[in-house]
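# Fold and contact review
What follows is the residue order along each chain.
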Amino acid sequence: MKDLNLKKWKKIIDLWCGDGKALRFFEKEFWLNGTWYDINSFAILYWKILNKIKKSNVKLYKKDFTKINNLKDFDYIYIYLFPEFMEKIEDWIFENKWKNTIIISNSFKFKKHKAFKILKEKIYLYK
């Protein structure tokens, strides 16, 4: 992931981030301003505790990320979703992002769009 060469102080959103280690990594390594959406109350509580312990500034929202109308506020979108879910959100994500937003997909590819760069055969970058 360090090969990404992301620009400092930009905004990143992690769609359905699980334990949040990717956003903590992006915040620490690239000084990115992270935002996270999830519907799991337990995960949010866990993250709030980790934010305090690790002095993280990641913003947390309890909301289904597919209800977000505007991804244009973000310079980067990080996803680590199974192929069947990626297929469901592919049109939505590409219609709602800013034209220069870079999508970072960990391990899984979109079907309709071609990655402009692939890192270590598992990180796919899209515009």
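This report concerns the structure included in the present document.

Rules behind the numbers
- Residues numbered from 1 in each chain as written.
- Predicted model: local features only at pLDDT ≥ 70, side-chain atom pairs only at ≥ 80, totals over all residues.
- Heavy atoms only, no water.
- Salt bridge = Lys/Arg side-chain N within 4 Å of Asp/Glu carboxyl O.
- Helix = DSSP H or I, 4+ residues; strand = E, 2+ residues; numbered from the N terminus.
- Pairing = 2+ DSSP bridges.
- Right-handed = clockwise from strand over helix to strand, strands pointing away.

### Concerning the pattern of salt bridges
Scanning the model with the defined rule gives three salt bridges in all. Glu 87 is paired through a salt bridge with Lys 111; the nearest N and O atoms lie 3.4 Å apart. Here the residue Glu 87 occupies a position in helix α3 (residues 83-96), and Lys 111 occupies one in the loop between β5 (102-106) and β6 (117-119), the gap between them amounting to 24 residues. For Asp 91, the salt bridge goes to Lys 112, with nearest N and O atoms at 2.8 Å.

### Comments concerning the environment of Glu 95
Assignment of secondary structure puts Glu 95 in helix α3. Between the C-alpha atoms of Glu 95 and Leu 71, which are 24 residues apart in sequence, the distance is 9.0 Å.

### Brief notes about the pairing of strand β3 (residues 59-62)
Pairing of strand β2 (residues 33-38) with β3, which is carried by four bridges, proceeds in the parallel orientation. From the neighbouring strand, Tyr 37 faces β3, where its bridge partner is Tyr 61. Handedness of the crossover joining β2 and β3 through helix α2 (residues 41-54): right-handed.

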